[in-house]
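Below are the chains, spelled out letter by letter.
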Amino acid sequence: MTEAEWLNATNLNPLLHTARRLSSERKLRLFVCACVRGFFPANAHPDLRRGVNAAEQMADGTASLAVTESTRELFGSLIYVGDYEAQGFAGENMAPATFIRHAVAPRADQVARVISYLSDYDADMGLENTQTGVPWLRDILGNPFCPIALSPDWRTGTTISLAQQMYDSRDFSAMPILADALQDAGCDNTDILDHCRSDGPHIRGCWVVDAILGKA
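Quantities reported herein were computed from a predicted structural model and do not represent experimental measurements.

Peer 1: A description of a nonpolar patch on the surface should follow, citing residues and the corresponding values.
Peer 2: Together, Met1, Leu22 and Phe145 make up an exposed nonpolar region whose accessible area comes to about 220 Å². Secondary-structure assignment places Phe145 in the loop between helix H10 (133–141) and helix H11 (157–169).

Here it is, written out as structure tokens:
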């Protein structure tokens, strides 16, 4: 895939294959978590929310051993349809539960597997349109063909505080304010400022927020 194709592709599959090569394990796990949250059904099983919260903690390396083991025990046991039904993950809860199973997998290649075959869930699990993952993936990775390094001068107390607040709350409505704060700190990179002021969507793992927080 070329840079132009990355920036203009509307199909998720080629973007995912590129993401496997150019992304960190943490970002892959957070993308799968974004899929979980994006495909939450109206009647989401409460264990889905606990599971995706644990998966995000595991991606960041902040989950306790007890949380890691219990989450992997629950979701790792979901192999057959009967397993899902026994845990209350039937119907619309099945696909998000499957995403969590992969997001908390011990090995990165298991996470990559769900990345590779994400489009299969369209047909197999009744998701309306996995192509909604395209802007999520771009928000997490930015332009991997032309990575942008933030100047240390732009990582001020204000920009770090704003970024941390959005990361923790998953509320990214302050992105335009972050753009202003970055500009006040001397940032003149249009890619960064335009991304902050765009409609998004912005999700946990957003490349600008990650860069400010020093996350890879």
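Peer 1: Run through H11, naming residues and quoting values.
Peer 2: An α-helical segment advances 3.6 residues per turn. Residues three or four places apart therefore align on the same side. Over its 13 residues, H11 runs 18 Å from end to end, which matches the ideal 18 Å to within 8%, given 1.5 Å per residue. All of the buried residues along H11 are Thr159, Leu162, Ala163, Met166 and Tyr167. All buried residues of H11 lie within an arc of 130 degrees about the axis, which places them on one face of the element. Turned more than 90 degrees away from the buried face of H11, the exposed residues are Gly157 and Gln165. Looking at the packing, one finds that the buried side of H11 touches helix H3 (25–38), helix H4 (46–60), helix H12 (175–184) and helix H14 (207–213). Within two residues after H11, Arg170 carries a phi angle of roughly 60 degrees, on the positive side.

Peer 1: Go over the pattern of salt bridges, please, and point to the residues and values.
Peer 2: Overall, the coordinates contain nine salt bridges when judged by the stated rule. Arg170 is the partner of Glu56 in a salt bridge, and the nearest nitrogen-oxygen pair spans 2.6 Å. In this pair, Glu56 sits in helix H4 while Arg170 sits in the loop between H11 and H12, placing the two residues 114 residues apart along the sequence. In this structure Arg170 comes out as partly exposed when scored by relative accessible area, which is 34%. Asp180 is the partner of Arg197 in a salt bridge, and the nearest nitrogen-oxygen pair spans 2.8 Å. Within this pair, whereas Arg197 is found in helix H13 (residues 190–197), its partner Asp180 is found in helix H12, the two being separated by 17 residues in sequence. By relative accessible area, Arg197 is classed as partly exposed at 37%.

About the thresholds
- Residues numbered from 1 in each chain as written.
- Predicted model: local features only at pLDDT ≥ 70, side-chain atom pairs only at ≥ 80, totals over all residues.
- Heavy atoms only, no water.
- Patch = residues over 30% accessible without salt bridge, like charges linked within 9 Å, V, L, I, M, F, W, Y side chains within 5 Å.
- Areas by Shrake-Rupley, 256 points an atom, 1.4 Å probe, with all protein chains shown as cover.
- Salt bridge = Lys/Arg side-chain N within 4 Å of Asp/Glu carboxyl O.
- Helix = DSSP H or I, 4+ residues; strand = E, 2+ residues; numbered from the N terminus.
- Expected span 1.5 Å × (residues − 1).
- Buried < 20%, exposed > 50% of the residue type's maximum accessible area, 1.4 Å probe, protein only.
- Arc of directions from axis to C-beta.
- Contact = heavy atoms within 4.5 Å.

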